[in-house]
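# Residue-level structural notes
Spelled out from the first residue to the last, the chains are:
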Amino acid sequence: MGSLEEKVKLPSLDDWKELAKVQMKGRSVDDLVSQNGEGILVKPLYTENDIEGISFRDSLPGLPPYIRGTQATMYAGRPWTIRQYAGFSTAEASNAFYKKTLAGGGQGISVAFDLATHRGYDSDHPRVSGDVGKAGVAIDTVEDMKILFDQIPLDKISVSMTMNGAVLPILAGYIVAAEEQGVSRTDLSGTIQNDILKEFMVRNTYIYPPGPSMRIIGDIITYCSMEMPRFNTISISGYHMQEAGADAALELAYTLADGKEYIRTALKAGLGIDDFAPRLSFFWGIGMNFYMEIAKMRAARMLWHDIVDEFKPINPKSGILRTHCQTSGWSLTEQDPYNNVVRTTIEAMAAVFGGTQSLHTNALDEAIALPSEFAARIARNTQLILQEETSITDVVDPWGGSYMMESLTDQIASKALDLMEEIEAAGGMAKAIETGLPKLRIEEAAAKKQARIDRGEEVIVGVNKYTTTEQDEVDVLEIDNEQVRESQINRIKEIKAKRNQEALDGVLDDISNCAKSGTGNLLELTIEAMRLRATVGEVSDAMESVFGRYKAQTQTVTGVYGDAYQDDQGWMEIKTAIERFIEAEGRRPRMLVCKMGQDGHDRGAKVVATAFADVGFDVDLSPMFSTPEEVAKQAVENDVHIVGVSSLAGSHKSLVPQLITELKILDAKEVIVIVGGVIPKKDYQELFDYGVKCIFGPGTPIPKAAGEVLDIIADIHSF
Amino acid sequence: MKSERLTAIRSGNKRTLAKAITLLESSLDEHKEESRELVDEALAYSGKSLRIGITGVPGVGKSTFIEALGLHLLSDGFKVAVLAVDPSSPLTGGSILGDKTRMELLSREKSAFIRPSPTSGSLGGVAQKTRETILLCEAAGYNIVLIETVGVGQSEYHVSGMVDFFLVMMLPGGGDELQGLKKGILELADGMIINKCDGDTIQSANISKQQYISALGLLSQPEYWSTPVLTCSSFDKNDVVKVWNMISEYFDLVKNNGELENRRNKQNVDWMNALIKEVLIGRLNSSSEVRSLLVKLEGSVKNMEITPYAAASEVIHALDLS
Ligand code: B12
Ligand SMILES: Nc1nc2c(ncn2[C@@H]2O[C@H](COP(=O)(O)OP(=O)(O)O)[C@@H](O)[C@H]2O)c(=O)[nH]1
Ligand SMILES: [Mg+2]
């Protein structure tokens, strides 16, 4: 039996090029090469030539370097865990929701805490009045934790907790709640995010400065490696970077660099690599760049294996990158929201082809509010359908051996290596973060992306192409944060009245001393404090008094957005209008862009600020986490024409009216207030009634907003 | 006659003060007129603050230092005004003014007033109105005025000519190249600090300190004060207090020996000269006849039809008549 080649002479690549040229009416096939944000060239056709010299082309799943998967049989053996991130309002409400999800096919719990809790404030703290129970569940003490997990057997159900800032009281609260449920901590399984480095970069729920924050992580890893063998001590997250604007290469590189920093932290705390590395887990964001996302996940496993290898592990599990994934919320739109189901499905497929261990799929109302019950159901069902109705799970790493996929995997890996080298040269991620460079890189990528979308170079159906005027009615989950706050405050009062204050004060002092001396384990002490019914805020304060509270390092890119608009006519028209404004007013239009409450979503605020400055506004930035009173003071002192509130975490109905009141108190009622961000349409009228002049929702093209804002100011200053 | 505006400023109304500063910064002629009147009125109530200029390359830590110093001064019972002159973005854009993000705690305080100003616009822009702004802040009762200015370009010369104490901030290391600052800036300094002296940089900060001390030694300095060089971490309260003690020592000295008054009187002469220039240039631009004459003569000078000297006198003559 002769080989195939002997019988048929196959045409060559040159033959293909010729044919392509003819079919492209004379244009070269090179015109079809596309470049994405990562700077990686994607060709229209891949052949064997493209994988020449790639060492891992014949690797196998479950075996080093794990490109093809963490396990030998992957989903053919057992599919990924469906794990939907959720949490809102009170512990009671969230508990009811979790029980319902578990009954409906969910396979683990993933807790979303409210922003007050994230930042270490109790519900009765004056700085969080608009945030309690809004964007997650409010937890003040272990009593809330017990309600949160009521009738959920913690030895059987794995729990993932997205907590980074107030990680000590929350992890301790979970341990004590289990204890009082009769479950020993050794039987607890799940994950605590505990990834503080990316908080400084993109997620913004830090409390203490980087140094002490890393010490806390060291203490947690140390404690858990001895006491909680089934619990993942850290979820090293790239997801938030992608959502903040990072392309796949940046996400990959910075996340792995974070991971390396955590390894060093644990080693410094006295552990051996095999004591903790098997319990490190990862978290990727999965957007619409289908092939690249799969390549990213494959490359990540290979690179991590290499990184861990440097530290000479003996346990093979140490070098295996296990990951959770979440589809991209950023890719979802307020406009034509049912399209989001399709987007999420495609992204979920990429996560699955990439070999994820667990997955969250976003709800179709992502850009409107927290998921409604209906939207959450569809999101979960998307995964159930993938698992049970398609045959996708039957084959391990089906993209393995694809010329394209192997080549992209190789390319994104080497891009990431370059970026990681830069971080290493700066002395590792903790040091690099101090320079602000990684954050700035991501913000630059976000500004570029925004410009590409606003210019229509990147299509988003329903937003900048194929738009529709039809408005689909969608249910909106609405949370009465005032009511949640009140009930939380009452519970805190009750608990404080009943507890052994003296004993608790002693432990809180111990915590402060442990923070100061650097010896002892902060988690161990926090567990004691939580048993004695300390609040999250009290434990946080005990450490803040020693560590201090970290202040955001706000740097801004300039020129990136404007560069993309050079020679654009509409853009030039706004510039000219601004020149006219200056002639009439004696100065540029001046806007204060502010973030109020504990809302840490700063992508939109930053992008708007840089673009408005590029077109000719003077733009003031408020510090993150300002109160309405503080913003009013800033607006007055800087004498701005307009305050632009960027609100994404749902506190607009509490904080915007307060801001307007505060402006009046300062004799500044003429200062115009506009709002941007995630504002459900049904709230618009209420905000207008309070005096808000204009609202810009998700998907607003910035030049359009700039033009309108200019008109509003000009109108009021009547010329 | 005292205007209502001044009364409001003096009573501590921040809105009025802020709007008055906008008026000072305005490029419109009618606003300039109005603001000159206001400043003239305010003069009687000004002069009672310590005026401190703080300069250094972007990122050296000026804002962070001011946040720490300002909070310390508030706790000592001072009322603090901060004027920040930010670099504007390149080309034709506006500025991003993020100063308050670095002065988060200070900006919340009732007894602090922080005003960032864009430098964009013609001829160094609004930074030129900093002197007048200082006066208004004084009239409003602020007894410390801190002026943050970027030490690249011209602004530091302007600012040093309107303050009582000029503090230059440097980074550890790189003492020899003076970190992009012009050498002349050393001559302006009344005090220098090597900032970010913490963590890994303590050693190089001390080396830099010695380098600056010897560089300053080569300059002629007044008898009563030789510019001190201190190391500092703006994150360390004690360091900031140490710097403040150095500054207040200076003030004790110059208040007693009359040098403070001397310096301010000299600055007033400069100010007068600056005002004359400003008014004259304003008049050049405001008379359309003179302006068109100017354009015509520029052409003639270029074509060598008239000497620059003759052209200039023709313009001055026209100005006299207009
Ligand atoms: C990106 C994102 C994140 C990133 C944020 C990264 C960052 N540094 O900004 C990450 C992953 C970290 C994150 C985390 C969380 N998120 Co989030 N996030 C989003 C997401 C997907 C997109 C927001 C975004 O940046 N879009 C891109 C920018 C450019 O758009 P934009 O901000 O809307 O701005 C545009 C317009 O609105 C307008 N605009 C906005 N501001 C202004 C201001 C002015 C002056 C003007 C003129 C215009 C204007 O112009 C801009 C350009 O078009 C939204 C959902 C969505 N699709 O909107 C959820 C969303 C905002 N997040 C949500 C939540 C709950 C959280 C968490 C609190 C979850 C938790 N419990 O832990 C955390 C905590 C974050 C924190 N510290 O506050 C919820 C908020 C729910 C609510 N409103 O009730 C949302 C709505 C998702 C959802 N449906 O559940 N998130
Ligand atoms: N390590 C260290 N960092 C500092 C110090 N002072 C400022 N910084 C940091 O340097 C950066 C720039 O500071 P900033 O005050 O904005 O500088 P400015 O541009 O001169 O006003 C910020 O990230 C500060 O946190 C200091 O004394 N030590
Ligand atoms: Mg500064």
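Presented here is a report on the structure given in the accompanying data block. (Residues numbered from 1 in each chain as written. Chains lettered and ligands numbered in written order. Predicted model: local features only at pLDDT ≥ 70, side-chain atom pairs only at ≥ 80, totals over all residues. Heavy atoms only, no water.)

## Focus on the pairing of strand 16 (residues 672-677) of chain A
Residue and element names in this part refer to chain A. Inclusion rule: Only protein chains enter the accessibility calculation, which uses a 1.4 Å probe; a residue whose area is less than 20% of its type maximum is buried, one above 50% is exposed, and one in between is partly exposed. Numbered from the N terminus, helices here are DSSP runs of H or I no shorter than four residues, and strands are runs of E no shorter than two. For two strands to be treated as a pair, DSSP must find at least two bridges joining them. A crossover gets the label right-handed when its path from the first strand over the helix to the second runs clockwise, viewed with the strands pointing away from the viewer.
Extensive coverage of strand 16 is indicated by the burial of six of its six residues. By the alternation rule, side chains of strand 16 split into Ile672, Ile674 and Gly676 and Val673, Val675 and Gly677, which are all buried. Bridge analysis of strand 15 (residues 642-647) against strand 16 gives six bridges, and the strand direction is parallel. Each bridged residue has a counterpart across the sheet, and for Val645 the counterpart in strand 16 is Val675. Crossover handedness for the path strand 15 to helix 27 (residues 652-665) to strand 16: right-handed. Sheet analysis places strand 16 next to strand 17 (residues 694-696), joined by three bridges and oriented parallel. Bridged to Val675 within strand 17 is Ile695. Between the parallel pair strand 16 and strand 17, the chain is carried across by helix 28 (residues 684-690), and the sense of this crossover is right-handed.

## Some details on the interface of chain A and chain B
Stated precisely, the cut-off is as follows: When checking whether two residues touch, look at their non-hydrogen atoms; a contact exists if any pair is within 4.5 Å. Once two parts are joined, some of their accessible surface, as seen by a 1.4 Å probe, is lost; buried area is that loss totalled over both. Whenever a carboxyl oxygen of Asp or Glu lies within 4 Å of a side-chain nitrogen of Lys or Arg, that contact is scored as a salt bridge. Polarity classes work like this: nonpolar for Ala, Val, Leu, Ile, Met, Phe, Trp, Tyr, Cys and Pro, charged for Asp, Glu, Lys and Arg, and polar for all others, with Gly in that last group.
With 45 residues of chain A in contact, the opposing surface of chain B contributes 38 residues. For the chain A and chain B pair, buried surface summed over both sides reaches about 3200 Å², with 45% attributable to carbon and sulfur atoms. The interface formed by chain A and chain B holds nine salt bridges in total. Contributing elements (two or more residues each) for the side of chain A that touches chain B: helix 24 (569-585), helix 25 (603-615), strand 14 (618-621) and helix 26 (628-638) of chain A. Considered class by class, the residues forming the side of chain A that touches chain B number 15 nonpolar, 11 polar and 19 charged.

## Some details on the site of ligand 1
All names here are of chain A. To keep it simple, the criterion reads: Residues are labelled near a given molecule or strand when at least one of their non-hydrogen atoms is within 4 Å of it. Pairs of N or O atoms are called polar contacts if they sit within 3.5 Å, as long as, within protein, a hydrogen donor faces a hydrogen acceptor (for residues adjacent in sequence, only side-chain-to-side-chain pairs).
Lining the immediate environment of ligand 1, one finds 42 residues, of which Tyr85, Glu366, Ala369, His601 and Asp602 sit closest. Within the backbone of Gly329, one N or O atom sits 3.0 Å away from a nitrogen atom of ligand 1. Elements that contribute at least two residues to the shell around ligand 1 include exactly helix 5 (115-118), helix 8 (197-203), helix 10 (239-244), helix 25, strand 15 and strand 16. Residue composition of the shell around ligand 1, by class: 21 nonpolar, 15 polar and six charged.

## Describing the site of ligand 2
Put simply, the rule is: For accessible areas, the Shrake-Rupley method is used with a probe of radius 1.4 Å. Any residue's cover is judged against the shown protein chains and nothing else.
Gln553(A), Thr64(B), Arg102(B), Asp198(B) and Ser234(B) are the nearest of the 17 residues found near ligand 2. Among the chains of the assembly, those with residues near ligand 2 are chains A and B. Between ligand 2 and Val60(B), the relevant distance is 3.3 Å, taken from an oxygen atom to a main-chain nitrogen or oxygen of the residue. One of the side-chain nitrogen or oxygen atoms of Asp198(B) is found 2.7 Å away from a nitrogen atom of ligand 2. Relative to its unbound accessible surface of 580 Å², ligand 2 loses 85% to contact with the protein. Residue contributions to the shell around ligand 2 peak at three residues, all from helix 4 (residues 62-75) of chain B. A breakdown of the residues in the shell around ligand 2 according to their chemical character gives four nonpolar, eight polar and five charged.

## Here's the deal with helix 13 (residues 290-309) of chain A
What counts, and what does not: A helix's residues, less one, multiplied by 1.5 Å, set its expected span.
Between its first and last C-alpha atoms helix 13 of chain A spans 30 Å; for 20 residues at 1.5 Å apiece the expected length is 28 Å, and the two agree. When you tally the buried positions in helix 13 of chain A, you get 17 out of 20 residues, the bulk of the element.

## Structural notes on the coordination of the magnesium ion (ligand 3)
Residue and element names in this part refer to chain B. The criterion, for reference: Water is not among the atoms examined, so metal sites may look incomplete; donors are the N, O and S atoms within 2.8 Å of the metal, or within 3.2 Å for Na, K and Ca.
Coordination of the magnesium ion (ligand 3) by the protein is provided by Ser63 (OG) and Glu148 (OE), with metal-donor distances spanning 2.1 to 2.2 Å. Here the residue Ser63 occupies a position in helix 4, and Glu148 occupies one in strand 5 (residues 144-150), the gap between them amounting to 85 residues. Each member of the pair Ser63 and Glu148 is classed as buried.

## A word on the sheet that holds strand 14 of chain A
The parallel open sheet is built from six strands, whose spatial order is 17(A)-16(A)-15(A)-13(A)-14(A)-3(B). Because the sheet does not close on itself, it has two edges, and the strands there are strand 17 of chain A together with strand 3 (96-97) of chain B. When strand 14 of chain A meets strand 3 of chain B, the two strands line up parallel, connected through two bridges. Paired with Val619(A) across the two strands is Ile96(B), which belongs to strand 3 of chain B.

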